[in-house]
Amino acid sequence: MKRKILKTNLFFRLLVYLIFVTTVSGNGLYQMIYLPRDSRSLSMNQGGSAYNYIYLQKNPATLEQNQSNLGFHLINFPQSINSLQIDYSKKLLKGVFASQICILDYGNFQDKKNNYEFSAQDILLSSAFKKSIIGMFSFGISGSYYSSNIENYYSNLLLFNIGIKTQINRYRFGLGISVENLSYIFNQYTHITEKIPTLFRLSTFYKPEHLPVNINLDLYNNSENYIISIEFYPNKNILFRFGASSERKYLMTGNFQNDFFSGLSGGLSFKYKKNEIQAALKNLGSSGIITSLTLSYNIEDF
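Residues numbered from 1 in each chain as written. Predicted model: local features only at pLDDT ≥ 70, side-chain atom pairs only at ≥ 80, totals over all residues. Heavy atoms only, no water.

## Examining the overall build of the protein chain
The helix and strand tally for the protein chain stands at 3 helices and 14 strands. Within the protein chain, the fraction of its 302 residues that count as buried is 46%. Considering only contacts within the protein chain whose residues lie at least 6 apart along the sequence, 50% involve residues at least 24 apart. In the form shown here, the protein chain has an accessible surface area of approximately 15700 Å², with 62% of it arising from carbon and sulfur atoms. (Helix = DSSP H or I, 4+ residues; strand = E, 2+ residues; numbered from the N terminus. Buried < 20%, exposed > 50% of the residue type's maximum accessible area, 1.4 Å probe, protein only. Contact = heavy atoms within 4.5 Å. Areas by Shrake-Rupley, 256 points an atom, 1.4 Å probe, with all protein chains shown as cover.)

## Concerning the nonpolar core
Considering soluble globular proteins, one finds that nonpolar side chains tend to be buried as a cluster. Counting 28 residues, the largest nonpolar core has Tyr-30, Phe-77, Leu-104, Tyr-146, Leu-157, Leu-159 and Ile-196 as its most contacted members. The greatest single-element share of this core, amounting to 4 residues, is contributed by strand β3 (residues 95-111). If you look at the next biggest cluster of nonpolar residues, it comprises 5 residues, including Leu-56, Leu-63, Ala-98 and Ala-128. (Core = buried A, V, L, I, M, F, W, Y, C linked by side-chain atoms within 4.5 Å.)

## Comments concerning unusual backbone geometry
Despite not being glycine, Gln-46 has its phi angle at roughly 65 degrees, a positive value. In this structure, Gln-46 sits in the loop between α2 (39-43) and β1 (69-77). A positive phi angle, near 65 degrees, is found at Gln-79, a position not held by glycine. Note on placement: Gln-79 falls in the loop between β1 and β2 (81-92). On the basis of relative accessibility, which here comes to 39%, the residue Gln-79 falls in the partly exposed class.

## Quick look at the layout of surface pockets
Here the idea is plain: a probe the size of a water molecule rolls over the atoms and shows the empty space left. Of the volumes computed, that of the second largest pocket is approximately 650 Å³. Along its surface, the second largest pocket is lined by 26 residues, and Ile-54, Glu-64, Leu-239, Lys-271 and Glu-276 are the ones closest to its centre. Of all elements in the fold, only β10 (222-235), β11 (238-245), β13 (275-283) and β14 (289-298) reach the threshold of two or more residues within the lining of the second largest pocket. In terms of residue class, the lining of the second largest pocket is made up of 6 nonpolar, 10 polar and 10 charged. (1 Å grid on protein atoms, 1.4 Å probe; cavity = no way out; pocket = protein on both sides within 12 Å on 5 of 7 lines; lining within 4 Å. Points joined across faces, edges and corners; volume = space filled by probe spheres on them. Nonpolar A, V, L, I, M, F, W, Y, C, P; charged D, E, K, R; others polar.)

## Some thoughts on the pattern of salt bridges
Under the counting rule described, the total for this entry stands at 4 salt bridges. In this structure, Arg-241 engages Glu-231 in a salt bridge whose closest nitrogen and oxygen atoms are separated by 2.9 Å. With Arg-241 in strand β11 and Glu-231 in strand β10, this pair connects stretches of sequence that are 10 residues apart. Take Arg-241 and Glu-231: they sit in the same class, and that class is buried. Linked through salt bridges whose partners overlap, the residues forming this network are Arg-40, Glu-231 and Arg-241. (Salt bridge = Lys/Arg side-chain N within 4 Å of Asp/Glu carboxyl O.)

## Section: the pairing of strand β12 (residues 265-272)
Where β11 lies against β12, 6 bridges are found, and the strand directions are antiparallel. Bridged to Phe-242 within β12 is Gly-266. Where β12 lies against β13, 8 bridges are found, and the strand directions are antiparallel. Within β13, the position partnered with Phe-270 by the bridge is Ile-277. With antiparallel pairing between neighbouring strands as the criterion, β12 and β13 make up a hairpin whose turn holds 2 residues, including Lys-273 at a positive phi of roughly 60 degrees. (Pairing = 2+ DSSP bridges.)

## A word on empty space enclosed by the protein
Under the definition given, this model contains 1 cavity of 30 Å³ or more. What lines the largest cavity is a set of 24 residues, among which Arg-37, Gln-57, Lys-58, Gln-100 and Asn-161 lie closest to the centre. Of all the elements in the fold, those that place two or more residues in the lining of the largest cavity are β4 (116-133), β5 (137-150), β6 (153-168) and β7 (173-187). Among the residues forming the lining of the largest cavity, the class breakdown is 8 nonpolar, 12 polar and 4 charged.

## What to know about the pairing of β5
Pairing of β4 with β5 involves 14 bridges; the strand directions are antiparallel. Across the sheet, the residue bridging to Ala-128 is Ser-142, located in β5. Hairpin connection from β4 to β5: 3 residues lie between these consecutive antiparallel strands, with Ile-134 at a positive phi of about 55 degrees. As defined by bridge partners, β5 adjoins β6 across 14 bridges and the pair is classed as antiparallel.

So far we have only geometry, and geometry alone does not tell us how the molecule works.
Written out as structure tokens, the structure is:
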């Protein structure tokens, strides 16, 4: 009888949790797979997956062969959901090694039926390696350990992303292909088997010769799902980013004035010497706004 009560309580808490958090990403469990985790990905609607970056993104083949870097990312989601991510990357074995830890805190939930308060958190630990092959081609692979808990109930899984990338025409055009969210769940919340959809992404970027912009396009699973993003750099110290995606349609309410900025994202990056500060936001329409702050350091100078 006690076991049945525990299962009933878990089902109810899972239901409360799912209703609460799906306003942020539109998905259910394992939210960190789908959510932006740093200012760059937030400002670009999680696009720009073919362009190099100093920290681990969706396609691990885009890790930039730069100096050693350390980054701290704070993101505030609607409903008082918050995340903290720490990134590290460095050159290693003629390639690039990266690692990151991300903690997503959903806050406290009220089980009014049983007059009980409970919390939920997710933790993601990731490592990746990228290697250049035949000059203009790069290959990358990342592996992650994901731990999700609601009160004292846990679910654990492994995730893998694999990607390739190439750049041609004096690095003004690039193409990336990645297979994401290859997963194995070895501890589930309930007897019901959860499935995480594998995502196939084709991404590209183009840098016009006489304009200080990067134009990015991501297509995933089918051509109906897309992300368009732009990076504009008026000088070497300032960078503006903007993004929009096909998922914007799910935020529409039919009111033009309220819908105009729904689903759109943007951000600003400012470099000082070899360090960088970034800020970004995304409008979720009636669900609220996501905001983020990133502090990035070149630790070769420390």
